[in-house]
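# What the coordinates show
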Amino acid sequence: MKKLLILFLCLSAFGLKAQDQSVLNDLDSKKEYYSTIALQIWSNPELGYLESESSSLLQKTLSDAGFSIQAGVAGIPTAFVAEYGSGYPVIGIMAEFDALPGVSQQASPFREAVVEGGAGHACGHHLFGTASVAAGIAVKDWMIANGTKGTIRVYGTPAEEGGGGKVYMARAGLMDDVDVMLHWHPGSKNNAGANSSLANISTKFRFYGVASHAAAAPERGKSALDGVEAMNFMVNLMREHVPQETRMHYVITRGGEAPNVVPAFAESYHYVRHPDVAVVKSIFERMVKAAEGAALGTQTTMEYEIINGVYNLLPNETLARVMHKNLEQVGGVIYDEADKKFAEELIKSYPDLSINPAEDAAKIEPFKVQEKGTGGSTDVGDVSWLVPTAGLGTATWVPGTSAHTWQAVAAGGTSIGIKGMMVAAKTLALTALDVFKNPKLAEDAKAELDRRRGANFKYESLVGDREAPLDYRK
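Structure report, in brief. (Residues numbered from 1 in each chain as written. Predicted model: local features only at pLDDT ≥ 70, side-chain atom pairs only at ≥ 80, totals over all residues. Heavy atoms only, no water.)

## Focus: the sheet that holds strand β2 (residues 80-86)
This is how the line gets drawn: Two strands qualify as a pair provided that DSSP identifies no fewer than 2 bridges between them. Numbering of helices and strands runs from the N terminus, with a helix taken as a DSSP run of H or I at least four residues long and a strand as a DSSP run of E at least two residues long. Structural elements are reduced to axes, namely lines fitted to C-alpha atoms, with helices fitted over the stretch in contact, and the angle between N-to-C directions of any two is expressed from 0 to 180 degrees. Any pair of residues with heavy atoms lying within 4.5 Å of one another is described as a contacting pair.
Taken in spatial order, the 6 strands line up as β1-β2-β4-β3-β5-β12 in an open sheet, and their pairing is mixed. Among the strands making up the open sheet, the edge pair consists of β1 (68-71) and β12 (389-395). Neighbour-to-neighbour, the strand axes of this sheet turn through a mean angle of 20 degrees, independent of strand direction. Bridge analysis of strand β3 (residues 90-95) against strand β5 (residues 180-187) gives 3 bridges, and the strand direction is parallel. The residue bridging glycine 92 from the neighbouring strand is methionine 181, located in β5. Sitting on the sheet, helix α8 (residues 317-330) is in contact with β5 and β12, with an inclination near 30 degrees to β12.

Structure follows, in structure tokens:
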């Protein structure tokens, strides 16, 4: 009897591995198909809330694969929810697809814009969206093959780059019944830790004055640009008196039309970030006071518009450990000779770096838990406070490359980016399979979420009740 039990357990373990391998094989067989989709989006970079063609292509890919599609959700034309199956557990995979302004670049290791000043996928969201769609379809096919009950969803989430698409989708209740949410992000390393991020509020401050001839009648003018500059001066003075983890940065988006005309309108676009959302709120209130003081001192008027506001990522170690295990099973990004040549040439644009790109791209970073966020912000943060969430990063860029650079755009248009995309798709799919095969993982992840956010947590969006800023990139 004991021998039979051991044999049964061995066969069961083998069966699970065989199921996993079938999903990996399925994704491998469709690599060229998904590569074509990703590069089509890369070749037509669309800014946040303007991603009509990118969103439509991903929706069609999912629809053709048998998913039902809800388009234009949360009042956002390019947002969508694709679903297959029914019942528990409900597993979501998020897909981004917006580009960034001003970083147009060819798939070249040298700085060569496609369109000077044009947009480019400097954060790799063309890979992000495609990998998430690929993973969702692979999981759906596995569910059919194995008669598995449950629901798989792919969330098309626009305008991550400062537009906060996920915030409005979460606020609309589109994720309320999700048991586990998965995501990933392009990068220069392969990692799947339980990481946090910085909370962020971004705001446009608009000053209104009175135009006049700057030489003939300056006394009749009230400079809106003076208001902007006075505010920015006071905000810069605040840097000495905020917690050291704080990040504040801004650009002047409108400063007037001509030096000989006193500007009647001027605008400044500010970000404030910190690992704790409560601190961000507090510093933002001080920033508003600085703007009010600047308006008073320059005899102008001021109004402000919160463009985006996101929570810090809430780590979920339960899910992150499963994700990391699967990333190790899939492995890192393996360069061929052409990849090595491209990487070695591109890395010369970072003269202070001394690395072996091919070796680093193949590595899997050790698992770690990072309770306090550093670096950037993401609207995944809001989702992570509502749904147990886990993510990973893969080496879609040459190791050492920074996000939001022409170097990231360049690698994202090559086989290096595609290989990293497939690592992500496989890891996401295997993690979803683990939850379907063992729904207790979802229960444990939910218990961790409840513990981390506290018993009295109530979600309040940092953007208030405003509608999505569909024109923020226009």
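## Considerations on the sheet that holds strand β7 (residues 199-208)
One open sheet accounts for 4 strands, arranged β8-β9-β7-β10; its pairing is antiparallel. Across the chains shown, the open sheet's two edge strands, defined by having one partner strand only, are β8 (247-254) and β10 (301-310). When strand polarity is set aside, the average angle formed by the axes of neighbouring strands in this sheet is 20 degrees. Here β8 pairs with strand β9 (residues 265-274) via 7 bridges, running antiparallel.

## Some words on the environment of lysine 140
Cut-off, in case you're wondering: By the criterion applied in these results, polar contacts are pairs of N or O atoms within 3.5 Å in which, for protein atoms, one can donate a hydrogen and the other can accept it, and in which residues neighboring in sequence qualify only through two side-chain atoms.
Positionally, lysine 140 belongs in helix α4 (residues 125-146). Each C-alpha atom, one on lysine 140 and one on glycine 85, is 8.1 Å from the other, the two residues being 55 residues apart in sequence. Residues contacting lysine 140, with those up to four places away along its chain left out, are Ala65, Phe67, Tyr84 and Ile152. Of note is the side chain of lysine 140, whose polar atom sits 2.8 Å from the side chain of aspartate 141.

## Side note on the packing of aromatic side chains
This is how the line gets drawn: Aromatic contacts are taken between Phe, Tyr and Trp rings whose centres are within 6.5 Å, Trp giving its six-membered ring; a plane angle under 30 degrees counts as stacked, one over 60 as edge-to-face, and the others as tilted. Accessibility here uses a 1.4 Å probe with only protein chains present; expressed as a share of the type maximum, an area under 20% marks a residue as buried, one over 50% as exposed, and anything in between as partly exposed.
Applying the stated criterion across every chain, the model contains 13 aromatic pairs. Taken together, a centroid distance of 5.4 Å and an interplanar angle of 40 degrees make the contact between tyrosine 311 and tyrosine 459 tilted. Placement of tyrosine 311 in the loop between β10 and α8 and of tyrosine 459 in the segment after α14 (440-453) is noted, with a sequence separation of 148 residues between them. By relative accessible area, tyrosine 311 is classed as buried at 4%. For tyrosine 459, a relative accessible area of 18% gives the class buried. Connected via pairs of aromatic rings, a cluster forms that spans Tyr311, Trp385, Phe457 and Tyr459.

## Digging into the side chain of histidine 324
Structurally, histidine 324 can be placed in helix α8. Taking the relative accessible area as the measure of exposure, histidine 324 reaches 9% and is therefore buried. Setting aside its immediate chain neighbours within four residues, histidine 324 contacts Ala192, Ile364, Glu365, Pro366 and Phe367.

## Description of α8
What counts here: Multiply 1.5 Å by the residue count of a helix minus one, and that product is the helix's expected span.
The end-to-end C-alpha separation of α8 is 20 Å, in line with the 20 Å expected for 14 residues at 1.5 Å each. Looking at α8, one finds that the buried residues are Leu319, Ala320, Val322, Met323, His324, Asn326 and Leu327. For α8, the elements touching its buried residues are β5, β6 (194-195), β12, α13 (415-437) and α14. Looking one or two places after α8, you find glycine 331, whose phi comes out positive at around 90 degrees.

## Thoughts on the environment of methionine 143
For methionine 143, the position within the fold is in helix α4. Given the relative accessible area of 2%, methionine 143 is considered buried. When the C-alpha atoms of methionine 143 and alanine 131 are compared, they prove to be 18 Å apart, with 12 residues separating the residues in sequence. With residues up to four places along the chain from it excluded, the contact list for methionine 143 reads Tyr84, Thr148, Lys149, Gly150, Thr151, Ile152 and Phe436.

## Concerning α14
Note the following rule: This arc describes the spread of directions from the helix axis toward the C-beta atoms.
Compared with the 20 Å implied by 1.5 Å per residue over 14 residues, the 20 Å span of α14 between its first and last C-alpha is a close match. Looking at α14, one finds that the buried residues are Leu441, Ala442, Ala445, Glu448 and Leu449. Burial along α14 is one-sided: seen end-on, the buried residues are contained in an arc of 120 degrees. Where the residues of α14 are buried, they touch β5, α8, α11 (380-384) and α13.

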